[in-house]
Amino acid sequence: AARHTRFRGWHPPCPNHCIPSHQGDGERKSGQSLDKPQHMSRMVDQQAGVKGTAKSTTEFISIAYSDLFGTTISNDNLVKLFTAYSSFGDKKLIEDRIIRNFLDLPGANIPSTQVMRNDIPVLIRNAYRKLFKRNPKEFEKYYLKTMIENDNTITSVMMYYSFMTSNEYRYY
């Protein structure tokens, strides 16, 4: 499978006038090139929508794996990832690495970029339902559709990466 190196991107828009945030940018400046279109801000939903319960570490890892592969992660792999997560100080960085690793594995169930571009509204709706367990709001649909249509560098992997590393994905 091809390695996906263009992960640094945008996060899904939030409905309540959220503020662009660049938190976490420092952790990515350690010599690796994760280029992104300059106009894309990392959007975070400070209130994580209406979700109030954070996923535990094992839930986060298990759910992310399930969302991408449609099956449960093996206990052996879960223990390895949990150990890495627990022993590393920067939790956002290790979450980023776990998601990147999952997206790089063969068999990740992500529509191709061509499929995404052929029916952007369906991909947006399906991604929100699959990853956030809700339908996108009208503003979110408009914002993402416009962004994807106007920027040919956005891939479906970037979109999934952005959703899965957003604050909302970390909550139920």
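Scroll up to find the structure this text is about.
Below, the structure is looked at part by part. Since this is a predicted model, take the numbers as computed values, not measurements.

1. Thoughts on the overall build of the chain
Counting secondary structure elements, the chain contains 7 helices and 0 strands. The linear arrangement of helices and strands in the chain, starting from the amino end, is α-α-α-α-α-α-α. Long-range contacts, defined here as pairs at least 24 residues apart, represent 78% of the contacts in the chain between residues at least 6 apart.

2. Re unusual backbone geometry
We note that Lys133 has phi near 60°; this positive angle belongs to a residue other than glycine. Structurally, Lys133 is set in the loop between helix H5 (120-132) and helix H6 (138-150).

3. Thoughts on the side chain of Glu140
Here Glu140 is to be found in helix H6. The class of Glu140 is buried, set by a relative accessible area of 0%. Within the structure, Glu140 has its side chain in polar contact with the side chain of Arg134 (distance 2.8 Å).

4. Here's the deal with the packing of aromatic side chains
A full pass over the atoms with the stated rule returns 8 aromatic pairs. Seen from their ring centres, Phe69 and Phe102 are 6.3 Å apart, and the 90° between their planes marks the pair as edge-to-face. With Phe69 in helix H1 (residues 57-69) and Phe102 in helix H3 (residues 91-104), the pair connects residues that are 33 residues apart, well separated along the chain. The same class applies to Phe69 as to Phe102, namely buried. Here the guanidinium or amino end of Lys55 rests over the ring plane of Tyr169, the centre of that ring lying 3.8 Å away.

5. Here's the deal with helix H7 (residues 156-164)
Of all 9 residues making up H7, 9 are buried, and the element is well covered by its neighbours. If you check which residues of H7 are buried, you get Ser156, Val157, Met158, Met159, Tyr160, Tyr161, Ser162, Phe163 and Met164. Those residues of H7 hidden inside the fold are in contact with H1, H3, helix H4 (113-118), H5 and H6.

6. Remarks on the pattern of salt bridges
Applying the stated criterion across every chain yields a total of 10 salt bridges. For Asp76, the salt bridge is made with Lys80, and the minimal N-O distance between the two is 3.5 Å. Of the two residues, Asp76 and Lys80 are both situated in helix H2 (residues 75-87); the distance of 4 residues between them amounts to about one turn of the helix. Its relative accessible area of 48% is what places Asp76 among the partly exposed residues. Notably, a salt bridge pairs Arg134 with Glu140, separated by 2.8 Å at the nearest N-O pair.

7. So, the packing of H3 against H7
Running from amino to carboxyl end, H3 crosses H7 at an angle of 150°, the nearest separation of the two axes being 10 Å. The hand of the H3/H7 crossing is right-handed. Residue-level contacts link Asp96, Ile99, Arg100 and Leu103 of H3 to Val157, Tyr160, Tyr161 and Met164 of H7. Class assignment for the residues of the contact of H3 with H7 results in 6 nonpolar, no polar and 2 charged.

What counts and what doesn't
Residues numbered from 1 in each chain as written. Predicted model: local features only at pLDDT ≥ 70, side-chain atom pairs only at ≥ 80, totals over all residues. Heavy atoms only, no water. Helix = DSSP H or I, 4+ residues; strand = E, 2+ residues; numbered from the N terminus. Contact = heavy atoms within 4.5 Å. Buried < 20%, exposed > 50% of the residue type's maximum accessible area, 1.4 Å probe, protein only. Polar contact = N/O pair within 3.5 Å; in protein donor to acceptor, adjacent residues only side chain to side chain. Phe/Tyr/Trp six-rings, centres within 6.5 Å; stacked < 30°, edge-to-face > 60°. Lys NZ or Arg CZ within 6 Å of the ring centre and 35° of its normal. Salt bridge = Lys/Arg side-chain N within 4 Å of Asp/Glu carboxyl O. Axes fitted to C-alpha atoms, helices over the stretch in contact; angles between N-to-C directions. Left-handed = near helix turned anticlockwise from the far one by under 90°. Nonpolar A, V, L, I, M, F, W, Y, C, P; charged D, E, K, R; others polar.

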